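Observations on the three-dimensional arrangement
Here is what each chain is made of, one letter per residue.
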Amino acid sequence: DTGVSQNPRHKITKRGQNVTFRCDPISEHNRLYWYRQTLGQGPEFLTYFQNEAQLEKSRLLSDRFSAERPKGSFSTLEIQRTEQGDSAMYLCASSFNNEQFFGPGTRLTVL
Amino acid sequence: QKEVEQDPGPLSVPEGAIVSLNCTYSNSAFQYFMWYRQYSRKGPELLMYTYSSGNKEDGRFTAQVDKSSKYISLFIRDSQPSDSATYLCAMPGNTPLVFGKGTRLSVIA
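Description of the structure in this document.

Scoring rules and cut-offs
- Here the residue numbering is sequential within each chain, running from 1 through the sequence in written order.
- To read the labels, note that chains go from A and ligands from 1, taken in the order they are written.
- Only residues with pLDDT of at least 70 get local features here, since the model is predicted, and only at 80 or more are side-chain atom pairs given and counted; chain-wide, interface and lining totals rely on the full set of residues.
- Heavy atoms from the whole structure form the basis of all side-chain values; hydrogens and water molecules are not counted.
- Numbering of helices and strands runs from the N terminus, with a helix taken as a DSSP run of H or I at least four residues long and a strand as a DSSP run of E at least two residues long.
- For a compact globule the rule gives 2.2 Å times the number of residues to the power 0.38, and the radius of gyration it is set against comes from C-alpha atoms.
- Only protein chains enter the accessibility calculation, which uses a 1.4 Å probe. A residue is then buried if its area is under 20% of the maximum for its type, exposed if over 50%, and partly exposed in between.
- In these tables, accessible area is a Shrake-Rupley quantity obtained with a 1.4 Å probe, and a residue counts as shielded only by the protein chains included in the view.
- None of His or the chain ends enter the tally, which takes Lys and Arg as positive and Asp and Glu as negative.
- The location of each charge is read from NZ of Lys, CZ of Arg, CG of Asp or CD of Glu.
- To form a nonpolar core, buried Ala, Val, Leu, Ile, Met, Phe, Trp, Tyr and Cys residues must be joined to one another through side-chain atoms within 4.5 Å.
- Here, residues are in contact when the closest pair of their heavy atoms is within 4.5 Å.
- Buried surface area refers to the total accessible area, computed with a probe of radius 1.4 Å, that the two partners give up upon joining, counted for both partners together.
- Throughout this description, the term salt bridge denotes a Lys or Arg side-chain nitrogen within 4 Å of a carboxyl oxygen of Asp or Glu.
- As used in this structure description, the phrase polar contact means that two N or O atoms lie within 3.5 Å; if the pair is within protein, one of them must be able to donate a hydrogen and the other to accept it, and residues adjacent in sequence are counted only when both atoms belong to side chains.
- Polar here means any residue outside two lists: the nonpolar Ala, Val, Leu, Ile, Met, Phe, Trp, Tyr, Cys and Pro, and the charged Asp, Glu, Lys and Arg; Gly therefore counts as polar.
- The rule for pairing is simple: two strands pair if DSSP sees at least two bridges between them.

Here the focus is the overall build of chain A. Secondary structure assignment for chain A yields zero helices and 11 strands. For chain A, the N- to C-terminal ordering of α and β elements is β-β-β-β-β-β-β-β-β-β-β. The C-alpha atoms of chain A give a radius of gyration of 13 Å, which matches the 13 Å a tight globule of 111 residues would have. By residue count, 46% of the 111 residues in chain A fall in the buried class. If you sum the accessible surface of chain A, you get close to 5,800 Å²; carbon and sulfur atoms cover 44% of it. Counting 14 positive and 12 negative side-chain charges, chain A places the averaged centre of each group 7 Å from the other.

As structure tokens, then:
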């Protein structure tokens, strides 16, 4: 399967814990995006990378959130001191041009 | 006013019906328009991608763009139960996509 992959698919954690998600984009896609989706809403942009450079961050990305793409390939999204409001589906997408292809998402539940 | 408005539905139709899904947008800088299909608990899947005003057809799906009215549509002909999903319109902002809320569609056999 050469699509975008995300791990883990599901994560349940207790409030205050740190969590890290991984995204492996389609190979040769130079852009990688993170979105967050809550029930009944469309995905909302969090941040994006072109190669290893983080080019834009949404105001939704509080200082508890950090994302990296160290070698311009896979990316990680870390949430520190999780809150119940962080419960959502975290989606990763990659692109070479304007067409973004999404992974299956990581569903986070914060208890 | 949100940049992209989409009626969330839900929309329920009988099998074989023609479905019309619509979005309006406020930012005249949007040049590309996309429709994604999202099955429950899955990531969005790119369905159609259009650039210019007019129609684009792909099998049972037709995407229509009216830039003068800032209005886009997705038509599904001969709808099937397997079309039951949430349909999201999306437009590239600077680079990230701006999504509508999505319309939940159920096609009843």
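That shown, we press on.
Quick look at the nonpolar core now. Membership of the largest hydrophobic core comes to 24 residues, with the highest contact counts inside it found for B:Trp35, B:Ile72, B:Leu74, B:Tyr87 and B:Met91. Of all the elements in the fold, those that place two or more residues in this core are β3 (19–25), β4 (33–38), β5 (45–50), β7 (61–66), β8 (71–76), β9 (85–92) and β11 (103–108) of chain B.

Listed as interface residues are 22 residues of chain A and, on the opposing side, 18 residues of chain B. Roughly 1,600 Å² is buried in total at the junction of chain A and chain B, and carbon and sulfur atoms are behind 55% of that figure. Counting the contacts that link chain A with chain B gives zero salt bridges. Linking chain A to chain B there are five residue pairs in polar contact (both at pLDDT 80 or more). Of all elements in the fold, only β4 (31–37), β5 (44–50), β9 (88–95) and β10 (101–102) of chain A reach the threshold of two or more residues within the side of chain A that touches chain B. Partitioning the side of chain A that touches chain B into residue classes produces 10 nonpolar, seven polar and five charged.

Before going further, it helps to examine the pairing of β5(A). Residue and element names in this part refer to chain A. Among the seven residues that make up β5, five are buried, leaving the element largely enclosed by the rest of the structure. Pairing geometry for β4 and β5, over six bridges, is antiparallel. Paired with Trp-34 across the strands is Thr-47, a residue of β5. Linking two consecutive strands that pair antiparallel, namely β4 and β5, is a turn of six residues; a positive phi of about 80° is found at Gly-40 within it. Two strands pair when backbone bridges link them, and β5 and strand β6 (residues 53–57) are joined in this way by four bridges, in the antiparallel orientation. Looking at the pairing, Tyr-48 lines up with Glu-56 of β6.

Here the focus is the pairing of β7(B). All names here are of chain B. Of the pairings in the sheet, the one linking strand β6 (residues 54–58) to β7 comprises five bridges and is antiparallel in character. Among the inter-strand pairings, Asp-58 is bridged to a residue of β7, identified as Phe-61. The turn linking β6 back onto β7 is made up of two residues, and Gly-59 within it adopts a positive phi angle of 65°. Summarising the sheet, β7 and β8 pair through six bridges and their orientation is antiparallel. Bridging from a neighbouring strand, Ala-63 pairs with Leu-74 of β8.

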